[in-house]
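Structural description and commentary
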Amino acid sequence: MTVYIPSPLRSYTGRKSEVEVEGSTVGDVLRALDHRFPGLRFRIVTEQDTIREHIRIFVNEDQARDLSAALRPDDEIHIICALSGG
Amino acid sequence: MPSSRAGSPVTRRPSEKQAVAASPKPARGPVALLIGTRKGAFFLRSDGARRTWKLTEPMFLGHIVHHLVLDPRDRRTLLAAARTGHLGPTVFRSTDFGKTWKEAQTPPAFPKVPEGQKGLVVDHVFWLTPGHHKEQNVWYAGTSPQGLFRSKDGGQTWDSVKGFNEHPLRRQWTGGDQDGTPDGPKMHSILIDPRDPNHLYIGMSSGGVFESRDKGNRWSPLNKGCAADFLPVADPEYGHDPHCVRLHPLKPDRLYQQNHCGIYRMDRAHGNSNDRWVRIGENMPKQIGDIGFSMVLHPRDPDTAWVFPMDGTEVWPRVSPGGKPAVYVTKNAGNSWTRQDKGFPKAQAWWTVKRQAMSADAHEPVGLYFGTTGGELWGSRTGGGGWTCLVRNLPEIYSVEAVEL
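Source: prediction; values computed, not measured. Counting from 1, residues in each chain are numbered in the order their sequence is written. Each chain takes a letter, starting from A, and each ligand takes a number, starting from 1, following the order in which they are written. For a predicted model such as this one, the threshold for reporting local features is a pLDDT of at least 70, and the threshold for listing and counting side-chain atom pairs is 80 or more; totals across whole chains, interfaces and linings nevertheless cover every residue. Water and hydrogen atoms play no part in the side-chain values, which are based on all heavy atoms of the structure.

Moving on: the overall build of chain B. The way it works is that DSSP assigns letters per residue, a run of H or I at least four long becomes a helix, a run of E at least two long becomes a strand, and they are numbered from the N terminus. Looking only at helices and strands, one finds two helices and 27 strands in chain B. Its C-alpha radius of gyration of 20 Å places chain B within 12% of the 22 Å reference for a compact globule of 405 residues. Of all 405 residues assigned to chain B, the portion counted as buried reaches 60%. The long-range fraction of contacts in chain B, counting pairs at least 24 apart against all pairs at least 6 apart in sequence, stands at 55%. We get accessible surface area from the Shrake-Rupley algorithm with a probe of 1.4 Å; when it comes to residues, only the shown protein chains can shield them. A total of about 16,200 Å² of accessible surface is found on chain B, and carbon and sulfur atoms cover 50% of it. With 52 positive and 40 negative side-chain charges, chain B shows a separation of 3 Å between the mean positions of the two kinds. As defined in this context, the radius of gyration uses C-alpha atoms, and a globule is described by 2.2 Å times the residue total to the power 0.38. The buried label applies to any residue whose accessible area, calculated with a 1.4 Å probe on protein chains only, is under 20% of its type's maximum; exposed applies above 50%, and partly exposed to all values in between. By the convention used here, residues are in contact when the closest approach between their heavy atoms is within 4.5 Å. Charge convention: Lys and Arg are scored as positive, Asp and Glu as negative, and His as well as the terminal groups of each chain are ignored. To locate a charge, take atom NZ for lysine, CZ for arginine, CG for aspartate or CD for glutamate.

A residue counts toward a patch only above 30% relative accessible area and without a salt bridge, and it is joined to like-charged neighbours within 9 Å or, for Val, Leu, Ile, Met, Phe, Trp and Tyr, to nonpolar neighbours within 5 Å. Here a salt bridge means any side-chain nitrogen of Lys or Arg lying within 4 Å of a carboxyl oxygen belonging to Asp or Glu. Taken together, the side chains of E18, E20, E22, D74 and E76 of chain A define an acidic patch exposed on the protein surface. When you line up the elements, E22 of chain A lands in the loop between β2 (18-20) and α1 (26-36).

What follows concerns the environment of P317 of chain B. Residues and elements named next belong to chain B. Among the secondary structure elements, P317 is positioned in the loop between β20 (305-309) and β21 (327-330). By relative accessible area, P317 is classed as partly exposed at 38%. Separated by 58 residues in the primary sequence, P317 and G375 have C-alpha atoms spaced 18 Å apart.

The next point concerns the sheet that holds strand β10 (residues 147-151) of chain B. Paired strands are those between which DSSP finds at least two bridges. Pairing is antiparallel across the open sheet formed by four strands, whose spatial order is β8-β9-β10-β11 (chain B). Lying at the two open borders of the sheet, with one neighbouring strand each, are β8 (124-130) and β11 (159-160) of chain B.

Residue and element names in this part refer to chain A. Spatial ordering of the open sheet is given by β2-β1-β5-β3-β4, a layout of five strands whose pairing is mixed. Strand pairing shows two members of the sheet lacking a second neighbour, β2 and β4 (62-64), which therefore form its edges. Looking at each pair of strands side by side, their axes are set apart by 30° on average, direction ignored. To obtain each axis, a line is fitted to C-alpha atoms, and for helices this fit is confined to the stretch in contact; angles are then taken between N-to-C directions over 0 to 180 degrees.

Right, let's talk about the pattern of salt bridges for a bit. Residue and element names in this part refer to chain B. Throughout the structure, instances matching the rule amount to 23 salt bridges over all chains. Between D341 and R339 there is a salt bridge whose closest N-O contact spans 2.9 Å. Here D341 falls in the partly exposed class, since its relative accessible area comes to 23%. Of the residues examined, R339 reaches a relative accessible area of 32% and is grouped as partly exposed. Within this structure, E211, R213, R268 and D275 form a network of salt bridges that share partners.

Working note: regular strand, side chains alternate between the two faces of the sheet. Residue and element names in this part refer to chain B. Counting buried residues along β10, five of its five residues qualify, which places the element largely inside the surrounding structure. Side chains of β10 alternate between two faces, with G147, F149 and S151 and L148 and R150 buried alike. Looking at chain direction, strand β9 (residues 139-144) and β10 are connected through five bridges and run antiparallel. Paired with W139 across the strands is S151, a residue of β10. Taken together, β9 and the strand that follows it, β10, pair antiparallel across an intervening segment of two residues. Here two bridges tie β10 to β11, and the two strands are oriented antiparallel to one another. Each bridged residue has a counterpart across the sheet, and for R150 the counterpart in β11 is D159.

The term nonpolar core refers to a set of buried residues drawn from Ala, Val, Leu, Ile, Met, Phe, Trp, Tyr and Cys, joined through side-chain atoms within 4.5 Å. Among the nonpolar cores identified, the biggest contains 33 residues, and L33, F370 and L377 of chain B are the most heavily contacted of them. Leave out the neighbours within four places in its chain, and L377 of chain B touches L33, I35, L44, Y369, F370, G371, T388, C389, L390, V391, I397 and V400 of chain B. Core analysis: the second largest hydrophobic core is formed by 25 residues, L9, V29, I55 and L71 of chain A among them.

Let us now look at the confidence of the model for chain B. Residue and element names in this part refer to chain B. Residue-level confidence of the predictor is summarised by pLDDT, bounded by 0 at the bottom and 100 at the top. Summing up the model confidence of chain B, the mean pLDDT is 93 and the portion of residues at 70 or higher is 94%. Overall, residues 1-12 carries pLDDT values under 50, and its contacts beyond four positions in sequence, including any with other chains, amount to 33 contacts. Quick note on the complex model: pTM equals 0.94, ipTM equals 0.94.

The subject of this paragraph is the environment of W316 of chain B. Relative to the helices and strands, W316 of chain B is located in the loop between β20 and β21. W316 of chain B sits 25 residues away from I291 of chain B along the chain, and the two C-alpha atoms are 9.3 Å apart.

Attention now moves to the packing of aromatic side chains. Two rings from Phe, Tyr or Trp (for Trp, the six-membered ring) form a pair when their centres sit within 6.5 Å of each other. Planes less than 30 degrees apart are called stacked, planes more than 60 degrees apart edge-to-face, and all others tilted. Scanning all chains against the criterion turns up 17 aromatic pairs over all chains. Look at F60 of chain B and F92 of chain B: their rings are 4.7 Å apart centre to centre, the planes differ by 25°, and that puts the pair in the stacked class. With a gap of 32 residues between them, F60 of chain B in the loop between β3 (53-55) and β4 (64-70) and F92 of chain B in strand β6 (residues 90-94) connect regions that are remote in the sequence. For the residue pair F60 of chain B and F92 of chain B, the accessibility class agrees, reading buried in each case. Members of the aromatic cluster, joined through ring pairs, are F308, F344, W351, F370, W378 and W387 of chain B. Remark: a charge is flagged as sitting over a ring if the NZ atom of Lys or the CZ atom of Arg is within 6 Å of the ring centre and within 35 degrees of the ring normal. Positioned above the aromatic ring of F42 of chain A is the side chain of R52 of chain A, whose terminal nitrogen or guanidinium carbon lies 4.7 Å from the ring centre.

Residue and element names in this part refer to chain B. Structurally, the position occupied by Q258 is in strand β17 (residues 251-259). Taking the relative accessible area as the measure of exposure, Q258 reaches 1% and is therefore buried. As used in this structure description, the phrase polar contact means that two N or O atoms lie within 3.5 Å; if the pair is within protein, one of them must be able to donate a hydrogen and the other to accept it, and residues adjacent in sequence are counted only when both atoms belong to side chains. Only 3.0 Å separates the side chain of Q258 from the backbone oxygen of D290, close enough to count as a polar contact. If near-sequence neighbours (up to four positions away) are discounted, Q258 is found in contact with P242, H243, C244, I263, D290, I291, G292, F293, S294, M295 and V307.

Printed below as a string of structure tokens:
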């Protein structure tokens, strides 16, 4: 499936804005991303496995509230940097 | 288990003769200021006479850089504590004085707690301290909320110091999330006794000053004599708000602190928690007061220290009293203070200087430097005798560290 990478995280992905990875949950996908791009996951997920305060993850058009959200092979994952001040 | 909430732990005080170097010769040559700001990091480099300064292009532009620190053991390795508004906290490392940077493999992070429990989350790494000179590659980091972390590999991987982070009284010591600064509760002022790598001090806003003599396994509060007049208890054991704690490297039993409730000195007569802080800020002019964030020590004279007072009246504006900035210096360990404002604006200058944003070099006379939240960097080549604005228009300055090149 395709994961869309926001600009603040593209230093990890070699400037790629779209990455193909596999997984059956959002947590799986983020682990797979971190395996390919070490360090990326901790910038968006805390040590308690919660999505960080100013990060949003959408599966297609629906917001995933936690890492357990289930995925289908044709889903698109959007990592969004939410508003966080000036 | 870690130590009790108070008590006077068995102490093994190193002799002052033990492992304390003789007073170093004054440094010569160029100086670099390592500047952390709310929008990135900068170097400001001087010529050999410290007369002209050149600002580098920003590093980590857009990152919140709370602290940028050089390893004095190799004088090449730098660590930067950084995050962005969106992205979580991390540490970057350079082994070539900032030419290239690499992110830590495992940044400071609290232990994962079992499902259903609420675990601690590092919001940002606030403070970095290189380890003891005999412990190459050891570093310490203090975080918001209050957490202590140690690296044994020069900042590539970080371990939680369980003796503090998992201490059963940590929550009581530090209070809740509201018991901190507006930017979050913080651990700062991680100090290492130059005679003993196992002897650590930490400062916490809030929480107070604590010490460990076994490298962080057991901790004791060290706050006797220090006011905490924002608490309902008259003389609490902990819960204080040290803003900046300093230890003199040539006289390690002497500590100073700029506290939320004044300026203090401690000369460790007992070597345990019975030692008391003395409010040397009582000797400041009453119309100025003794409130501020930062404090800097002379590198060769334990009796000389500088502070940057700010207004702590009524609603605590935390700006230069009366809009007239001044540094105050003591040359007798706080028994008297002298105003140093030559070169500063005479009025309408409402400066705030944060706790990590004031530093001294090792020259003679000592060079002093501080950064303001308005993005100005001021310096003095004469130990505060005259001040010059070295650079303007930086982002809000969080930290300044002076290093010899």
